[in-house]
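An overview of the molecular structure
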Amino acid sequence: MEAMPQEFSDFSVAELPSEQEGEVIGPDDPGYDEARQVVFKGFDRRPAAVVRAAGAEDVSRIVSLARENGLELSVRSGGHSRAGYGTSEGGIVIDLSGMRAVDIDADAKTAWVETGITAAEYTNATSEHGLVTGLGDAGSVGIGGITLAGGIGFLVRKHGLTMDDLLAAELVTADGGLVRTSEESEPDLFWAIRGGEGNFGVATRFQLRLHAISEIVGGMLILPATPEVITGFVEAAEAAPEELSTIANVMIAPPMPFVPEEAHGKPIVVSQMAYVGPPDQGEAAIAPLRALAEPLADMVRPMRYPELYEGPEPEAQFAAGTNFFADSLEPAGAEAILEQLPLSTAMMKAVQLRVLGGALARVPDDATAFAHRGRRLFMNVAAMYADPGEKETHEAWVAGLAGDLSDGGSGGYVGFHGEADEATVRAAYPGPTWDRLREIKRRYDPDNLFRLNHNIPPS
Ligand SMILES: Cc1cc2nc3c(=O)[nH]c(=O)nc-3n(C[C@H](O)[C@H](O)[C@H](O)COP(=O)(O)OP(=O)(O)OC[C@H]3O[C@@H](n4cnc5c(N)ncnc54)[C@H](O)[C@@H]3O)c2cc1C
């Protein structure tokens, strides 16, 4: 019989297994208010306990305890879920941020890494050996979340998604068991976790492939935004060799010190990029982007790869956003962006454009649970705001602009989704992917213990 969910008041930290090694933080503990927070605002939830797991055994005990007591279970690595899945009202949070060990085999170009480490910390550690795994654009994002969602980042065209470099994973499954999965061992589970997020268990360690990359040509290039520059950027980034991956944000220029004052308040394209290869070839690859308009700021230069993570990150506020995959951006779409950006009253609003292709596209759609391999462009419309009372306004703006842009676009990337209904989650898993995920979910988590995520209901 399924256990009845306990009320928050029913469960106390005293009921946690005494052999727990990691720190346990309950409502009466001094660090509780900090421990229950996640990165984005708007999730003022009060878990019964936050457990900073020290290892897989801790995780296993908490998973079993949550299952046996019918407690809501939240799993957090870096805490960047825009849906606030890293905290819980009355449930129990497994916080993996204490689990950050990295064990590098430089000769084999692989690393075993605990999932609570951040992208920047992991990259700094592997870079000491001149080796990296491609991750996203924010150094503070957790390896756990980004790898299980996919990982569209600085090496996406050269080496594919982060999860394309996943060689094996250790997971605590819903029965509390510790499983090692790879192409050879429990291959269905390995297929499902590559894109299926935390639906199948708590990942405690990953084995990731490393690439020999030390120096790159990379950094930030800011251009004035016109329809021609925006569509030209997409075309040039697509025509560039796959050694170059770019992330472009069309936005209204904030008063940044390195942007000329006359551009403040005007539309700009803020792009970040990485070229993997000799500097002269990198300069040549980037030249067509620089030629689109007189740059407002050009900080693209030869650098060490981990320098990509050295800049400040914007403070996360309340966020509205929607994302989808497409094959092109038509001039009318670029015009819609420029018309609608000034209409938003959000403190920060942007349309992010990521040109795909290259190594990402060479993996077959059915090889992993990420089945958008053939799409050429990923777009994310986002608005950040400080007043929660404005939620509807900003969500309506995001939906309106996304509607104008998504002609021919479809699907979505769970890594960028906030709270999403079943239809939205389903759209992220097109074709036979959804049914296969549901079947694997039935085998590994029939009671849907792992449901604080973009949930795949068991079939
Ligand atoms: C500023 C910013 C920049 C970003 N840039 C990029 C980018 O460039 N490319 C990209 O692909 N994504 C990007 N993302 C999205 C990011 O990859 C996802 O939000 C990711 O899920 C965050 O992982 P986390 O561990 O930090 O978050 P968490 O909130 O800890 O986890 C996110 C989800 O994954 C689950 N989860 C986390 N760890 C585990 C685990 N070990 N085992 C099982 N389930 C787990 C959680 O339960 C939750 O459902 C960005 C997000 C932000 C906020």
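Provided above is the structure to which this section pertains.
What comes next concerns the included structure. (Residues numbered from 1 in each chain as written. Predicted model: local features only at pLDDT ≥ 70, side-chain atom pairs only at ≥ 80, totals over all residues. Heavy atoms only, no water.)

**Things to note about the sheet that holds strand E4 (residues 92-95)**
Taking strand neighbours across the sheet as the criterion, the four strands line up as E1-E2-E4-E3 in an open arrangement whose pairing is mixed. Each end of this open sheet is capped by a strand with a single partner; those strands are strand E1 (23-25) and strand E3 (73-76). Pairs of neighbouring strands in the sheet enclose a mean axial angle of 20°, with direction left out of account. Pairing geometry for strand E2 (residues 49-52) and E4, over four bridges, is parallel. Bridge pairing in E4 links Val51 to Ile94. (Pairing = 2+ DSSP bridges. Helix = DSSP H or I, 4+ residues; strand = E, 2+ residues; numbered from the N terminus. Axes fitted to C-alpha atoms, helices over the stretch in contact; angles between N-to-C directions.)

**Quick look at the sheet that holds strand E8 (residues 166-172)**
Strand order across the open sheet formed by five strands is E5-E6-E10-E8-E9, with antiparallel pairing between neighbours. Both outer strands of the open sheet, strand E5 (102-105) and strand E9 (178-182), are each paired with one neighbouring strand and no more. The average angle at which neighbouring strand axes cross in this sheet is 15°, direction not considered. Direction of pairing for E8 relative to strand E10 (residues 202-209): antiparallel, over a ladder of six bridges. In the sheet register, Leu171 faces E10, and the bridge partner there is Ala203. Docked against the sheet, helix H3 (residues 119-127) engages E5, strand E6 (110-114) and E10, running at close to 35° with respect to E5. (Contact = heavy atoms within 4.5 Å.)

**Details of empty space enclosed by the protein**
A complete count under the given rule lists one cavity of 30 Å³ or more for this structure. Lining the largest cavity are Ala149, Gly195, Ala369, Phe370, His372, Gly412, Tyr413, Val414, Ala428 and Tyr429. (1 Å grid on protein atoms, 1.4 Å probe; cavity = no way out; pocket = protein on both sides within 12 Å on 5 of 7 lines; lining within 4 Å. Points joined across faces, edges and corners; volume = space filled by probe spheres on them.)

**Side note on the site of the ligand**
Neighbouring the ligand are 32 residues; Val75, Ser77, Asp137, Ile152 and Tyr413 lie closest to it. At 2.9 Å, a backbone N or O of Gly142 approaches an oxygen atom of the ligand. Between the ligand and Leu452, the relevant distance is 3.4 Å, taken from an oxygen atom to a main-chain nitrogen or oxygen of the residue. Look at the ligand: alone it shows 950 Å² of surface, and the protein chains cover 92% of it. Elements supplying a minimum of two residues to the shell around the ligand: E3, helix H4 (143-149) and E10. The biggest single contributor to the shell around the ligand is H4, with four residues. Its residues assigned to classes, the shell around the ligand comprises 14 nonpolar, 15 polar and three charged. (Near = heavy atom within 4 Å. Polar contact = N/O pair within 3.5 Å; in protein donor to acceptor, adjacent residues only side chain to side chain. Areas by Shrake-Rupley, 256 points an atom, 1.4 Å probe, with all protein chains shown as cover. Nonpolar A, V, L, I, M, F, W, Y, C, P; charged D, E, K, R; others polar.)

**Some remarks on the side chain of Thr123**
The residue Thr123 is located in helix H3 in this model. Discounting residues that sit within four places of it in the chain, Thr123 has contacts with Val132, Leu135, Tyr305, Pro306 and Tyr309.

**Things to note about helix H9 (residues 331-340)**
Those residues of H9 not exposed but buried are Gly333, Ala334, Ala336, Ile337, Leu338 and Gln340. The inward-facing, buried residues of H9 contact helix H7 (227-239), strand E13 (244-252), strand E14 (267-275), strand E18 (348-355) and helix H11 (391-405). (Buried < 20%, exposed > 50% of the residue type's maximum accessible area, 1.4 Å probe, protein only.)

**Describing unusual backbone geometry**
Phi at Lys109 takes a positive value of approximately 55°, unusual for a residue other than glycine. Structurally, the position occupied by Lys109 is in the loop between E5 and E6. Positive phi, close to 55°, is recorded for Glu197, a residue that is not glycine. Here Glu197 lies in the loop between helix H6 (187-193) and E10.

**Section: the layout of surface pockets**
In this approach, a probe sized like a water molecule rolls over the atoms, and the result shows the empty space that is left. One number sums up the size of the second largest pocket: a volume of about 610 Å³. Lining the second largest pocket are 31 residues, with Arg82, Ala320, Gly321, Glu395 and Glu419 positioned closest to its centre. At the level of secondary structure, the elements contributing two or more residues to the lining of the second largest pocket comprise strand E17 (318-326) and H11. By residue number, the principal contributor to the lining of the second largest pocket is E17, which donates seven residues. Grouping the constituent residues of the lining of the second largest pocket by class yields 12 nonpolar, 13 polar and six charged.

**A word on the pattern of salt bridges**
Taken as a whole, this structure holds 27 salt bridges when the rule is applied. Arg52 is the salt-bridge partner of Asp95, the closest N and O atoms lying 3.0 Å from each other. Residue Asp95 is found in strand E4, and its partner Arg52 is found in strand E2; the two are separated by 43 residues along the sequence. Between Glu439 and Arg442 there is a salt bridge, with the nearest N and O atoms lying 2.6 Å from each other. Linking Glu439 with Arg442, this pair stays in helix H13 (residues 433-444), spanning three residues, or about one helical turn. Look at the salt bridges and you will find they share partners, linking Glu23, Arg52, Arg76 and Asp95 into a network. (Salt bridge = Lys/Arg side-chain N within 4 Å of Asp/Glu carboxyl O.)

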